[in-house]
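Spelled out, the chains give:
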Amino acid sequence: FDIAQRTQAGWDALGTYGAVGGTQGYGNGAIGFSVCKDPRDECVYVTGAVGKTRKLTPAGVGPGGTWSDFATQPVSLNSGAEAATAIDTTRNRCLWIGGFTESNPKQPYFLDLATATWSIQTYAASAEKANVEALKIAPGMIYDPVTDKFLLKPREGGKVIVVDPV
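Let us look at the structure shown here.

### A word on the nonpolar core
Tyr45, Leu111, Leu113 and Trp118 are the most contacted members of the largest nonpolar core, which totals 14 residues. At the level of secondary structure, the elements contributing two or more residues to this core comprise strand E4 (65–72), strand E6 (93–97) and strand E7 (109–112). The contacts of Leu111, once residues within four sequence positions are left out, are Thr53, Phe70, Ala71, Asn92, Arg93, Cys94, Ala116, Thr117 and Trp118. In terms of nonpolar packing, the next biggest core, distinct from the first, is built from 12 residues, Ala86, Tyr143, Ile161 and Val163 among them.

Next comes the structure, spelled out in structure tokens:
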């Protein structure tokens, strides 16, 4: 949608935005995608239930862009759904945390945006780690480049959790 036009004329034409993945309905991959945008280039990364991370590269001018398969998700990430994701612009990577997984619950992952490679991030035991592990699904998160920290907000109450990306 082109906000400058303030009309439906700014919407991308039907069928020009590409499939994100999955189909509608519970349990088959089209709900709870984890989505974040890189503020440097406006690219959008979608961690979905199709075993792939998809990327939307925006058009140079006006609405639209191109969807592509960006990275294969680790099996342990399961669907990648209902997590918080944000781009660490200092290290050029995306942090995925607090979503729905089966074989590695609540384990944070990094996606290297230069190599399209996922890796598990481990943290030493601490009160903050316990807070992260206690998260319910669908938290919110941003990366603050001034403090070089992620700020993670639980979906239900609780305080903002500060996550050090190193």
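So that's the structure; there's more coming.
### Let's talk about the sheet that holds strand E11 (residues 161–163)
The three strands lie next to each other as E9-E10-E11, forming an open sheet whose pairing is antiparallel. Edge strands, defined here as strands with exactly one partner in the open sheet, are strand E9 (140–144) and E11. Taken pair by pair, the neighbouring strands of this sheet meet at an average axis angle of 25°, ignoring direction. Across five bridges, E9 lies against strand E10 (residues 149–153) in antiparallel orientation. For Gly140, the partnering residue across the bridge sits in E10 and is Lys153.

### Quick word on the environment of Thr66
Its location among the elements puts Thr66 in strand E4. On a C-alpha basis, the gap between Thr66 and Cys43 in space is 9.8 Å, while along the polypeptide they are 23 residues apart. If near-sequence neighbours (up to four positions away) are discounted, Thr66 is found in contact with Lys55, Leu56 and Thr57.

What counts and how
Residues numbered from 1 in each chain as written. Predicted model: local features only at pLDDT ≥ 70, side-chain atom pairs only at ≥ 80, totals over all residues. Heavy atoms only, no water. Core = buried A, V, L, I, M, F, W, Y, C linked by side-chain atoms within 4.5 Å. Buried < 20%, exposed > 50% of the residue type's maximum accessible area, 1.4 Å probe, protein only. Helix = DSSP H or I, 4+ residues; strand = E, 2+ residues; numbered from the N terminus. Contact = heavy atoms within 4.5 Å. Pairing = 2+ DSSP bridges. Axes fitted to C-alpha atoms, helices over the stretch in contact; angles between N-to-C directions.

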